[in-house]
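# Notes for the structure review
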Amino acid sequence: PMSTLPDRATALALMEAWTPNLSLRRHMLAVEAAMRAYATHLGEDVERWGLAGLLHDFDYERFPNDAQAADAEHPSEGVRHLRTLGYPEDICQAILGQAPFTGVARESQMAKAPFAVGELCGLITAAALVRPSKSVMDLEASSVRKKLKDKAFARGVSREDVVNGATELGVELEVHITFVIEAMRGIAPTLGLAGPPVP
């Protein structure tokens, strides 16, 4: 294994090479931002947590895993590739652990975080895009809470994962939502969620 972490530019190039889809790229960048923010908040390794977020779905477009196979397709194929590149095992475990069907336990805080923020980033993005501003800058946590209760909204988002993820991470749901919105605001232009250009 590598003694040093791969740098972000290398990881980003890998993610983009495997993921032509812009909205999926943006999802990974949102999760990366939330992961980095949590690492900072918890006094953990920001670069390491960031890489786990940036790459957590990098194989999803190539290997969507509709059957939810435990050790084939996403995320297992991607992790096999990361291991050949010498990615640290804790990052690999965190990426495997985000998908309940892999059966990989989420033991470290770093492993709990992608699961805790992944679906929530999707819900926040969807909630921002239905606003008149199409922006995360004026999106409140209370609004996201309402969308969480509305099962017809963004059906693809697992409500259970959002709630369980916050619990596992040991963060109150409202605080968790506010924290992730704040992290996403930091890169809103990159996510296409900064709203209309200022005239």
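A brief look at the structure comes next. The structure displayed is predicted, hence computed values, not measured ones. (Residues numbered from 1 in each chain as written. Predicted model: local features only at pLDDT ≥ 70, side-chain atom pairs only at ≥ 80, totals over all residues. Heavy atoms only, no water.)

Before going further, it helps to spend a moment on the overall build of the chain. Scanning the chain for helices and strands turns up ten helices and zero strands. Secondary structure elements in the chain, listed N-terminal to C-terminal, are α-α-α-α-α-α-α-α-α-α. Here the C-alpha atoms of the chain give a radius of gyration of 16 Å, agreeing with the 16 Å that 2.2 N^0.38 yields for 199 residues. Projecting the C-alpha coordinates of the chain onto the three principal axes gives extents of approximately 45 × 35 × 35 Å. Buried residues in the chain amount to 47% of all 199 residues. Per element, the accessible surface of the chain, about 9,400 Å² overall, is 55% carbon and sulfur. Positive and negative side-chain charges of the chain, numbering 20 and 26 respectively, have mean locations separated by a distance of 7 Å. (Helix = DSSP H or I, 4+ residues; strand = E, 2+ residues; numbered from the N terminus. Rg over C-alpha atoms; globule rule 2.2 N^0.38 Å. Buried < 20%, exposed > 50% of the residue type's maximum accessible area, 1.4 Å probe, protein only. Areas by Shrake-Rupley, 256 points an atom, 1.4 Å probe, with all protein chains shown as cover. Lys, Arg positive; Asp, Glu negative; His and termini not counted. Charge placed at Lys NZ, Arg CZ, Asp CG, Glu CD.)

Across all of its chains, the model carries ten salt bridges by this definition. E32 is the salt-bridge partner of R8, the closest N and O atoms lying 2.6 Å from each other. Residue R8 is located in helix α1 (residues 8–18), and its partner E32 is located in helix α2 (residues 22–42); the two are separated by 24 residues in the primary sequence. On the basis of relative accessibility, which here comes to 5%, the residue E32 falls in the buried class. (Salt bridge = Lys/Arg side-chain N within 4 Å of Asp/Glu carboxyl O.)

Moving on, we come to the nonpolar core. One recurring pattern in soluble globular proteins is that nonpolar side chains are buried together. Counting 60 residues, the largest nonpolar core has L55, I124, V136, V144, V180 and M184 as the members making the most contacts within it. The biggest single contributor to this core is helix α6 (residues 109–129), with twelve residues. Aside from chain neighbours lying at most four places away, what touches L55 is A11, L14, M15, L82, Y87 and I95. (Core = buried A, V, L, I, M, F, W, Y, C linked by side-chain atoms within 4.5 Å. Contact = heavy atoms within 4.5 Å.)

This paragraph deals with the environment of G86. With respect to the secondary-structure elements, G86 resides in the loop between α4 (76–84) and α5 (89–97). Accessibility expressed as a relative area gives 15% for G86, which makes it buried.

Before going further, it helps to spend a moment on the packing of helix α3 (residues 46–54) against α5. Interhelical geometry of α3 versus α5 gives an angle of 40 degrees and a closest axis separation of 9 Å. Accordingly, the angle class assigned to the pair α3 and α5 is oblique. Remark: the crossing between α3 and α5 carries right-handed chirality. Here α3 contributes R48, L51 and A52 to the contact with α5, which in turn contributes D90, I91, A94 and I95. (Axes fitted to C-alpha atoms, helices over the stretch in contact; angles between N-to-C directions. Parallel < 35°, antiparallel > 145°, perpendicular 65-115°, else oblique. Left-handed = near helix turned anticlockwise from the far one by under 90°.)

By the definition in use, this model includes three aromatic pairs. Note on W18 and F63: the rings are 6.2 Å apart at their centroids and 50 degrees apart in plane angle, and the pair reads as tilted. Of this pair, W18 sits in helix α1 while F63 is found in the loop between α3 and α4, placing the two residues 45 residues apart along the sequence. Using a relative accessible area of 11% as the deciding quantity, one classes W18 as buried. Residue classification places F63 among the partly exposed residues on the basis of a relative accessible area of 23%. Clustering of aromatic rings is evident, with ring pairs tying together W18, F58 and F63. In this structure, R62 is placed above the aromatic ring of W18, and the distance from its NZ or CZ to the ring centre is 4.1 Å. Seen from the ring of F153, K147 lies directly overhead, with NZ or CZ sitting 5.0 Å from the centre. (Phe/Tyr/Trp six-rings, centres within 6.5 Å; stacked < 30°, edge-to-face > 60°. Lys NZ or Arg CZ within 6 Å of the ring centre and 35° of its normal.)

Honestly, that's just the spatial picture; any functional story needs more than this.
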